[in-house]
Amino acid sequence: MTDAALSARANNECEFCGASGDLAALSFAPGGDVLLCPVCRGEADPDSPAHWQCLQGAAWSAEPDVQFAVYRKLASLDESWATELRDTMVLSDDAQAWADAPVAIEHRDANGVLLERGDTVVLLKDLPVKGSSMIAKRGTAVRSIALVPDNAGQIEGKVDGQRIVILTEFVKKR
């Protein structure tokens with residue numbers, strides 16, 4: 001959707017809270033773009049914790065992209081009202097399909113570089129291997145890594161012939 005069409009749809013207001021300054025599109029894959037203010041985009045701190053109460057109104061948007069974005073944001077809030085609102089939301093068919101789709105897990109190294117299956121990484125510090133007296137030394141190259149499917153913070157690889165689980169915060173991609 002073009003910026004002009006997005007601004008027209010949103011009436012030049014944040015589609016979450018209704019603010020009108022410094023608006024920009026934020027993409028919510030697999031949905032589309034939503035026009036948001038800096039606070040709702042996560043680029044500024046809210047004036048108060050009550051800021052996110054604005055989602056109670058935004059949850060009833062007729063736009064599937066906005067519904068899905070609100071649904072995702074509510075999931076990230078650790079508040080009972082947010083959980084209740086998310087559980088009671090009535091999503092359009094498109095938004096429901098996006099919400100039901102599994103979220104892709106991204107594995108990133110200590111520098112934030114995306115890791116993929118088969119990559120080679122280097123250990124950034126000496127790591128004791130649990131259940132063994134072995135210590136994986138700093139600078140060791142781990143080739144052909146495997147990604148742990150349900151944990152973005154872990155990869156698997158062979159060090160000195162032994163298959164181990166390594167935390168991604170202690171490696172960098174080569």
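Asker: Looking at this structure, how should I read the overall build of the protein chain?
Answerer: Within the protein chain, the regular secondary structure consists of six helices and twelve strands. Taking 174 residues into account, the globule formula puts the C-alpha radius of gyration at 16 Å, and the protein chain, at 21 Å, lies well above it. With respect to the three principal axes, the spread of C-alpha positions in the protein chain is 60 × 30 × 30 Å. A fraction of 47% describes how many contacts in the protein chain between residues 6 or more apart in sequence connect residues 24 or more apart. Per element, the accessible surface of the protein chain, about 10,200 Å² overall, is 47% carbon and sulfur. A distance of 16 Å separates the average location of the 17 positive side-chain charges in the protein chain from that of its 26 negative side-chain charges.

Asker: Which parts of the structure should I look at to understand the pattern of salt bridges?
Answerer: All chains considered together, the criterion is met by eight salt bridges. The residue Arg9 makes a salt bridge to Glu15 at a minimum N-O spacing of 2.8 Å. One salt-bridge network, in which partners are shared between bridges, spans Arg9, Glu15, Glu63 and Asp65.

Rules behind the numbers
The residue numbers shown here count from 1 along each chain, following its written sequence. Restriction of local features to residues with pLDDT of at least 70 applies here, the model being predicted, together with a cutoff of 80 or more for giving and counting side-chain atom pairs; totals for whole chains, interfaces and linings are based on all residues. Side-chain measures were taken over the full set of non-hydrogen atoms in the model, leaving aside hydrogen atoms and water. Strands here are runs of E lasting at least two residues and helices are runs of H or I lasting at least four, both read from the DSSP assignment and numbered beginning at the N terminus. Using C-alpha atoms as the atom set, the radius of gyration is obtained and then compared with a globule rule of 2.2 Å times the number of residues to the power 0.38. Contacts are assigned to residue pairs with any non-hydrogen atoms lying within 4.5 Å of each other. Accessible surface area values rest on a Shrake-Rupley calculation with a 1.4 Å probe, where residue burial reflects the displayed protein chains alone. Within this scheme the basic residues Lys and Arg register as positive and the acidic residues Asp and Glu register as negative, but His and the chain ends are omitted. Positions of charges follow a simple convention, taking NZ of Lys, CZ of Arg, CG of Asp or CD of Glu. Salt bridges are defined as contacts in which a side-chain nitrogen from Lys or Arg sits within 4 Å of a carboxyl oxygen from Asp or Glu.

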